[in-house]
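The lines below spell out each chain.
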Amino acid sequence: MWVAIIPRSIFLLEYAEMGTMHFVVPDNELLYDYYTASDKFKMIDNGAYELGRPLPDEEFVYLAAQIDADEMVAPDVLMDGERSLELTKHFLESYKPSWCRVCAVPQGRNPEEFIEYYGKVAKLDVDTIGLPIWLQKKFGARFAVFSKLRKKNLLRRDVAHHLLGLDDFNELKQYPKGAIRSVDTSLPLTLAYHKVERPVDGLSRVPVNARFDGFQHFLARRLTGRLLQIASSC
């Protein structure tokens, strides 16, 4: 399984470098030069989760071209299945670049509705399907949903699947080997920033100008190594 470590801060780029791919979040322009120069597989997010709304399509495509992205996450709206489907269809019909893969993200108000919209998204001409973090954060059910899709033969098997966000390294161990192509996360850096080794409720995100002290770097390297080791067996 590929892993993208989201550094958030320009002072933490060494951890993005440790990952096997990049996940570009459009909330810190200071990181764009780094991503542009990288030869790793680059997946760029539309900004809906970070910014509260997806970037305008023209701006999104321009940014993807600027950093030479390999895959774009089509526009979506958090937990709004119908609106996300509409935005994704419009993007595919009017803006899909020939030089870049597209990841579509089904949405819904709950796991049952997510499964419904997964079936609709699976009919679209996309290369990857993203499984959003809210399935886990809000319902603790991302793997259960994935398993249900497999059991009901609804899982599209000719596309890749990507986990959008990760709050527990052990979640990766639940999926069958090879079932998930990739995952993005800033979890090792969030834990290191707060000087803890295990996730606890209420941890704030790493500030975009964060610098780590020696102990934080020690933790960040150890936790990133642990995550990469787990992912390499998945």
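These numbers were taken from a predicted model, which means no experiment stands behind them.

A.B. asks: Now, about the nonpolar core: what can you tell me, with residues and values included?
C.D. replies: Core analysis: the largest hydrophobic core is formed by 67 residues, its most contacted members being Ile44, Met72, Phe114, Leu172 and Leu189. Take this core: its biggest share by element is six residues, from helix α10 (residues 214–232). With sequence-adjacent residues up to four places away left out, phenylalanine 114 is seen in contact with Pro106, Gln107, Gly108, Gly130, Leu131, Pro132, Trp134, Leu135, Val145 and Leu149. Phe41, Val73, Val105 and Leu164 belong to the second-largest nonpolar core, a separate cluster that totals 11 residues.

A.B. asks: Now, about the environment of valine 145: what can you tell me, with residues and values included?
C.D. replies: Tracing the backbone through its elements, the reader meets valine 145 in helix α8 (residues 142–151). Each C-alpha atom of the pair valine 145 and phenylalanine 114 lies 8.5 Å from the other, and the pair is 31 residues apart in sequence. Those residues within four positions of valine 145 in sequence are excluded, and the remaining contacts are Pro111, Phe114, Ile115 and Leu135.

A.B. asks: Pulling in residues and values, what's your account of the side chain of threonine 224?
C.D. replies: Turning to its location among the elements, threonine 224 is positioned in helix α10. You can call threonine 224 buried: its relative accessible area is 0%. A distance of 2.7 Å separates the side chain of threonine 224 from the backbone oxygen of alanine 220, its partner in a polar contact. Not counting the four nearest positions on each side in its chain, threonine 224 is found in contact with Ile5, Tyr15, Met18 and Pro188.

A.B. asks: Break down the pattern of salt bridges for me, citing the residues and quoting the values.
C.D. replies: Enumeration according to the criterion identifies 16 salt bridges in this entry. Among the salt bridges present, the one from glutamate 50 reaches arginine 8, with a minimum N-O distance of 3.7 Å. Taken together, the residues span a long stretch of sequence, with glutamate 50 in helix α3 (residues 48–51) and arginine 8 in the loop between β1 (2–5) and α1 (13–18) at a distance of 42 residues. By relative accessible area, arginine 8 is classed as buried at 12%.

A.B. asks: Summarise the state of the cysteines; cite the residues concerned and give the values.
C.D. replies: For the structure on display, the rule yields zero disulfides. Not part of a disulfide, cysteine 100 finds its nearest cysteine sulfur in cysteine 103, a span of 11 Å. Owing to a relative accessible area of 6%, cysteine 100 belongs among the buried residues under this scheme. For cysteine 234, which is in no disulfide, the shortest distance to another cysteine sulfur is to cysteine 103 and amounts to 19 Å.

A.B. asks: Please provide a residue-by-residue account of the sheet that holds strand β8 (residues 182–185), values included.
C.D. replies: If you walk across this open sheet you meet the eight strands as β1-β8-β7-β6-β5-β4-β3-β2, and the pairing is parallel. With partners counted over all chains shown, the strands left at the sheet margins are β1 and β2 (22–24), one partner each. Between one strand axis and the next, the sheet turns by 25° as a mean value, whatever way the strands run. Sheet analysis places strand β7 (residues 160–164) next to β8, joined by three bridges and oriented parallel. Across the sheet, leucine 163 pairs through a bridge with valine 183, a residue of β8.

A.B. asks: Before we move on, can you summarise unusual backbone geometry with the specific residues and values?
C.D. replies: Located in the positive-phi region is arginine 8, a residue other than glycine, with phi close to 65°. We note that lysine 195 has phi near 60°; this positive angle belongs to a residue other than glycine. Mapped onto the elements, lysine 195 comes out in the loop between α9 (187–193) and α10. According to the relative accessible area criterion, lysine 195 is partly exposed, its value standing at 43%.

Conventions used here
- Residues numbered from 1 in each chain as written.
- Predicted model: local features only at pLDDT ≥ 70, side-chain atom pairs only at ≥ 80, totals over all residues.
- Heavy atoms only, no water.
- Core = buried A, V, L, I, M, F, W, Y, C linked by side-chain atoms within 4.5 Å.
- Buried < 20%, exposed > 50% of the residue type's maximum accessible area, 1.4 Å probe, protein only.
- Helix = DSSP H or I, 4+ residues; strand = E, 2+ residues; numbered from the N terminus.
- Contact = heavy atoms within 4.5 Å.
- Polar contact = N/O pair within 3.5 Å; in protein donor to acceptor, adjacent residues only side chain to side chain.
- Salt bridge = Lys/Arg side-chain N within 4 Å of Asp/Glu carboxyl O.
- Disulfide = S-S within 2.5 Å.
- Pairing = 2+ DSSP bridges.
- Axes fitted to C-alpha atoms, helices over the stretch in contact; angles between N-to-C directions.

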